[in-house]
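# Breakdown of the fold
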Amino acid sequence: MIKFSAPGKIHLLGEHAVVYGKPALLAAIDLRVTVSITPSPQALASKQKENIKKIIESIVKKTLNIRTIPSYNLTISSQIPIGSGLGSSSAVSSAYIAALLSFLNIKWNLEDVSSLAYEAEKVFHGNPSGADNTTVIFGGILWYRKKTEPVQILSQIKQFVLIDSGKPVESTKEMVEKVRIKLQESRIKVQKIFDDQERLVKELIVALKEGDQNQLVNIIREGERNLESLGVVSKRAQEIIRLVEKVGGAAKISGAGGVKSGSGMLLCYHKNSKALLALAKKNHLPTLSIKAGEKGLLQ
Ligand code: MEV
């Protein structure tokens, strides 16, 4: 059996702007997907798995000029909530590609898996920045900008709480498209937001390195306001975020967001994370305590 695992990710800041060449800060988290491949003459798979299989196999075949792939059984087990902005699809693609290349006895490195996973992201999301697949493969806390080498950031702040604002109705593809339309309609306003997110990402690196918790709270709050101005945060999520702010914390969407219903998992920070857990409990909101900066793709 060939087995690989990949982590989920959070966007500390810079989502959406990263699609337009701005930098973003992301982190691999301690929730993982494990993909196993077992050679088998009779491969049975569910419809959902068949779909993923079709997409990944066709990318691998096309890119590496392979005609046929021997039959195998595919197992996917995941700790990452699906469709909540935590990079579940990137993690599945990455672990699966690594397992499939190994099954085919093809030599690979992390860059190879990342570029194939990026092709899969295109199928799933239309116009991805490449930030998600890079983070789940290389791991750690990453400064990511399109067309440049990612940079690992060392941080003293690693503990975050995720509060579930509900699964978005919209796909990542739809949310990215929404921002594209907004940029077309209000170019100056949106460009200004992107510029401000870039400033905040740079300030965030310093705050994380220095362990400056007050500054971290301020930056997340400001970054979230910008995301709200971009129109990617639902009313429901904004209500929860205001509650977190009221108790002295900060919260933001992480990833594409959503407006019609939930906005996915909210990335929350408070000097005393117990205050966040108590707030969530009081409001009957599901939570996950996570560590940021975990390992990327692993065998
Ligand atoms: C999705 O996790 C993050 C977005 O910035 C899209 C992307 O970077 O591809 C919204």
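Please read all numbers here as calculations on a predicted model, not as lab measurements.

### Quick word on the sheet that holds strand 6 (residues 159-164)
Strand pairing in a sheet takes place through backbone hydrogen bonds and is either antiparallel or parallel in direction. Here we have four strands laid out as an open sheet, ordered 7-8-6-9, and antiparallel in their pairing. Two strands close off the open sheet at either side, each with one partner strand: strand 7 (250-253) and strand 9 (287-291). Strand-to-strand, the axes of this sheet are offset by a mean angle of 30°, without reference to chain direction. Where strand 6 and strand 9 come together, five bridges link them in antiparallel fashion.

### Some words on the site of the ligand
Near the ligand you find Lys-9, His-11, Glu-15, His-16, Val-18, Val-19, Pro-128, Ser-129, Asp-132, Val-176, Gly-255 and Ala-256, and these make up its full shell. Interatomic distance of 2.8 Å between a side-chain N/O atom of Asp-132 and an oxygen atom of the ligand. Within the complex, the protein chains bury 96% of what would otherwise be the 300 Å² of accessible surface of the ligand. When grouped by side-chain class, the residues that make up the shell around the ligand number five nonpolar, four polar and three charged.

### A look at the packing of helix 6 (residues 187-210) against helix 7 (residues 213-230)
The description of two helices packed together rests on the angle between their axes and the distance between the axes. Between helix 6 and helix 7, whose axes approach to 10 Å, the crossing angle comes to 160°. Put simply, helix 6 runs roughly antiparallel to helix 7. Our pair here, helix 6 against helix 7, has a crossing hand that is left-handed. From helix 6, Lys-189, Val-190, Ile-193, Phe-194, Asp-196, Gln-197, Arg-199, Leu-200, Glu-203, Leu-204, Ala-207 and Leu-208 reach across to helix 7, where they touch Gln-215, Leu-216, Ile-219, Glu-222, Gly-223, Asn-226, Leu-227, Ser-229 and Leu-230. Counted by class, the contact of helix 6 with helix 7 contains 11 nonpolar, five polar and five charged residues.

Parameters at a glance
- Residues numbered from 1 in each chain as written.
- Predicted model: local features only at pLDDT ≥ 70, side-chain atom pairs only at ≥ 80, totals over all residues.
- Heavy atoms only, no water.
- Pairing = 2+ DSSP bridges.
- Helix = DSSP H or I, 4+ residues; strand = E, 2+ residues; numbered from the N terminus.
- Axes fitted to C-alpha atoms, helices over the stretch in contact; angles between N-to-C directions.
- Near = heavy atom within 4 Å.
- Polar contact = N/O pair within 3.5 Å; in protein donor to acceptor, adjacent residues only side chain to side chain.
- Areas by Shrake-Rupley, 256 points an atom, 1.4 Å probe, with all protein chains shown as cover.
- Nonpolar A, V, L, I, M, F, W, Y, C, P; charged D, E, K, R; others polar.
- Parallel < 35°, antiparallel > 145°, perpendicular 65-115°, else oblique.
- Left-handed = near helix turned anticlockwise from the far one by under 90°.
- Contact = heavy atoms within 4.5 Å.

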